[in-house]
Amino acid sequence: MFPAALAALLCPSCAAPFDARPPAGGTHGAPPEPATPGEVPEPAALSGQALVCREGHSFDRARQGYINLLTGAGTAFVPDTAAMVAARDEFLQAGHYQPLAEAIAARAAAGLQPEGLPPEGPRPEGPRPEGLVVDAGTGTGYYLRALLDRAPAATASIGLDLSKFALRRAARTNPDTLNLVWDLWRPLPLAAACADVILVVFAPRNPAEFARILRPGGTLLVVTPLPGHLAEIAIGVGLLGIQADKQEMLVASLAGSFLLAQEEDVNYTLRLDHADVARLALMGPAGHHVAADAVAARVQSLPEVSEVSASFRISAFTPVPVPPVAARRRPGQEPRSVSGRANGRPPGPPAASGT
Ligand SMILES: [Zn+2]
């Protein structure tokens, strides 16, 4: 699974692939040799504890199993802290969001059916693992794990997150996933049209890059909380409020690149004790602004067990079809209207300097 996912990866410094095959005249992006059945080869690109691109840029693989592609690039955003990640992991492992995870997995499994690919649509160019799921903002890997367990057609997976604390856990939960430290606001280090499903659970959205890496007929799954989510305890424990027009903003933010195909709401009641509520308050964005002892004091005013609404929406989007004129262009021609969409490279490689 891990070598398969490597075929979709592009070096953030030079946009070269990581397949370790020597450059052959003009066949940039030739697919790697198929593995012998039953044998999982260690690709030469993954030499020792580093991932090395065709041009020689090297990225360290952490002892815990994730790879930091953001080396030297810096970011304007604050990654989730160790305490936030620990709170989230404990909360999720208690099973409170399992119904959501199962609904996401079922929706993703539907998106991985081969009939999702339109028969007359443009074909992806370059290397492309079959059944690739890209989890944008994978966190501790909890939702991706549920998806991989329930969707056998997901044969390769990539998890992106800004927090190395989150990726340590993700790498343990999903050892066959290519877990990468990356900033979702930057051009993604992935080939055009490589992904069958993109999963975005409570994470930042990069519509232009999602449109570039999703294959024609693929599925973008975005999970957002609905306004009633956690309403009973939100004010009492200082959770950030949920905007009433969040769904309209979501659809508007993706307009032009994606069409809303389906929506599914997931509503149920959580039974949360004080420790659960404290973890909830610390695990999300509010965790950047509150102290654990302040949260612990606030939850004392709640009943021993609170009944709390869980309310989510899973929105499935499909890419806006590329106009036929762009689909029929000759190799080497630039697409007319969708910049960077079909040339296999991120538009304008970021100034990352993997050394
Ligand atoms: Zn490179």
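Predicted, not measured: the structure shown is a model, and the values here were computed from it. (Residues numbered from 1 in each chain as written. Predicted model: local features only at pLDDT ≥ 70, side-chain atom pairs only at ≥ 80, totals over all residues.)

1. Description of the sheet that holds strand E5 (residues 132-136)
The test is simple: Pairing between strands requires that DSSP locate at least two bridges from one strand to the other. By the criteria applied, helices consist of DSSP H or I runs no shorter than four residues and strands consist of E runs no shorter than two, each listed in order from the N terminus.
Spatial strand order, E4-E7-E6-E5-E8-E9-E11-E10: 8 strands in an open sheet with mixed pairing. Looking along the sheet, the strands with just one partner apiece sit at the ends: strand E4 (67-68) and strand E10 (258-273). Note that strand E9 (residues 214-225) and strand E11 (residues 305-319) share 6 bridges and pair antiparallel. Each residue of the ladder has a partner; that of Val-222, found in E11, is Ser-315.

2. Comments concerning the confidence of the model for the protein
Let me state the cut-off plainly: On a scale of 0 to 100, pLDDT captures the predictor's confidence in every residue. With C-beta atoms placed from the backbone, a contact is any residue pair whose C-beta atoms sit within 7 Å.
A residue-level look at the protein finds 77% of positions with pLDDT of 70 or above and a mean pLDDT of 81. In this model residues 20-44 is a low-confidence stretch, pLDDT under 50, and it forms 22 contacts with partners more than four residues away in sequence or in other chains. Note on residues 333-355: pLDDT under 50 across the span, and 62 contacts to partners over four residues away in sequence or across chains.

3. Quick word on the packing of helix H9 (residues 274-283) against helix H10 (residues 292-299)
Axes are the key here: two packed helices are described by the angle between their axes and the distance separating the axes. Our working definition: Axis geometry follows a simple rule: fit a line to the C-alpha atoms, using only the stretch in contact for helices, then measure angles between N-to-C directions, giving values from 0 to 180 degrees. Angle categories are assigned with fixed cut-offs, so that under 35 degrees is roughly parallel, over 145 is roughly antiparallel, 65 to 115 is roughly perpendicular, and the rest are oblique. Should the near helix be turned anticlockwise from the far one by less than a right angle, the crossing is left-handed, and should it be turned clockwise, the crossing is right-handed. Under the scheme applied, nonpolar residues are Ala, Val, Leu, Ile, Met, Phe, Trp, Tyr, Cys and Pro; charged residues are Asp, Glu, Lys and Arg; polar residues are all the others, including Gly.
The interhelical angle for the contact between H9 and H10, taken along N-to-C directions, is 135°, at an axis separation of 9 Å. On the basis of the axis angle, H9 is oblique to H10. As for the relative orientation of H9 and H10, their crossing is right-handed in sense. Each of His-274, Val-277, Ala-278, Ala-281 and Leu-282 in H9 lies in contact with H10, whose residues at this interface are Ala-292, Val-295, Ala-296 and Val-299. By residue class, the composition of the contact of H9 with H10 is 8 nonpolar, 1 polar and no charged.

4. Points about the pairing of E9
Of the pairings in the sheet, the one linking strand E8 (residues 195-201) to E9 comprises 6 bridges and is parallel in character. Counted as the bridge partner of Val-200 is Val-222 from E9.

5. Regarding the nonpolar core
We count it as follows: By definition, a nonpolar core groups buried Ala, Val, Leu, Ile, Met, Phe, Trp, Tyr and Cys residues that are joined through C-beta atoms within 7 Å. Residue burial here comes from a neighbour count, namely the number of other C-beta atoms, placed from the backbone, that lie within 10 Å of the residue's own C-beta, with 20 or more meaning buried, 12 or fewer meaning exposed, and in between meaning partly exposed.
Judged by nonpolar contacts, the single largest core of 95 residues is most densely connected at Ile-104, Ala-108, Leu-147, Ile-198, Leu-199 and Leu-221. When near neighbours in sequence (up to four residues on either side) are disregarded, Leu-221 contacts Ile-104, Arg-107, Ala-108, Gly-111, Val-197, Ile-198, Leu-199, Val-200, Ile-314 and Ala-316.

6. Here's the deal with the environment of Leu-280
For Leu-280, the location among the structural elements is in helix H9. For Leu-280, a count of 25 C-beta atoms within 10 Å corresponds to the buried category. Placed 190 residues apart in sequence, Leu-280 and Glu-90 show a C-alpha to C-alpha distance of 9.7 Å.

7. Comments concerning the pairing of E11
Here E10 runs beside E11; their pairing, made up of 15 bridges, is antiparallel. Note on E11: the bridge partner recorded for Asp-265 is Arg-313.

8. Details of the packing of helix H3 (residues 98-111) against helix H4 (residues 142-150)
With their axes 8 Å apart at the nearest point, H3 and H4 run at an angle of 50° to one another. Relative to H4, H3 is oriented oblique. You can see that H3 and H4 cross each other, and the crossing is right-handed. Residues Ala-101, Glu-102, Ile-104, Ala-105, Ala-106, Ala-108 and Ala-109 of H3 lie in contact with H4, whose contacting residues are Tyr-142, Tyr-143, Ala-146, Leu-147 and Arg-150. Residues of the contact of H3 with H4, tallied by class, amount to 10 nonpolar, no polar and 2 charged.

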